[in-house]
Amino acid sequence: MSPPIVVHPCAPTGGRAVTINGDVAGLARDDRDLIEFLRRAGIYDAEHCLDDPHWIEWRGGRAHRYEAE
């Protein structure tokens, strides 16, 4: 089963799209943005699941990196 949260590859101008259960949550420019999206989705212990592959799949780049390369 795939993780419910996907952090997509960096956009050319920076930031990464975030989807939660297939719905677009927004464009994260840092971990604070990502945590806020998760909290809005009802994940209240969000900071503890950022590195948990059961929760989040980081695609097309290193985790916690939001700059275009």
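To keep things clear, this report deals only with the structure shown in the data block. Everything numeric here is computed off the predicted structure, so don't read it as measured data. (Residues numbered from 1 in each chain as written. Predicted model: local features only at pLDDT ≥ 70, side-chain atom pairs only at ≥ 80, totals over all residues. Heavy atoms only, no water.)

Side note on the overall build of the chain
When helices and strands are tallied, the chain shows one helix and four strands. Each helix and strand of the chain, placed in order from N terminus to C terminus, yields the pattern β-β-β-α-β. For 69 residues, the compact-globule formula gives about 11 Å, and the C-alpha radius of gyration of the chain, at 11 Å, lands near that figure. In terms of its C-alpha atoms, the chain occupies a principal-axis envelope of roughly 30 × 25 × 20 Å. Relative to its 69 residues, the chain shows a buried fraction of 33%. Intrachain contacts of the chain at a sequence separation of at least 6 include 41% that bridge at least 24 residues. (Helix = DSSP H or I, 4+ residues; strand = E, 2+ residues; numbered from the N terminus. Rg over C-alpha atoms; globule rule 2.2 N^0.38 Å. Buried < 20%, exposed > 50% of the residue type's maximum accessible area, 1.4 Å probe, protein only. Contact = heavy atoms within 4.5 Å.)

Section: the nonpolar core
Of all hydrophobic cores here, the largest spans 16 residues; its most connected members are I5, V18, L34, L38 and I56. Looking at this core, the elements with two or more residues in it are β1 (5-10), β2 (16-20), α1 (31-40) and β4 (56-58). When residues of this core are assigned to their parent elements, the largest contribution, four residues, is made by α1. Beyond its immediate sequence surroundings of up to four residues, L34 is in contact with V7, V18, A28, L50, I56, W58 and Y66. (Core = buried A, V, L, I, M, F, W, Y, C linked by side-chain atoms within 4.5 Å.)

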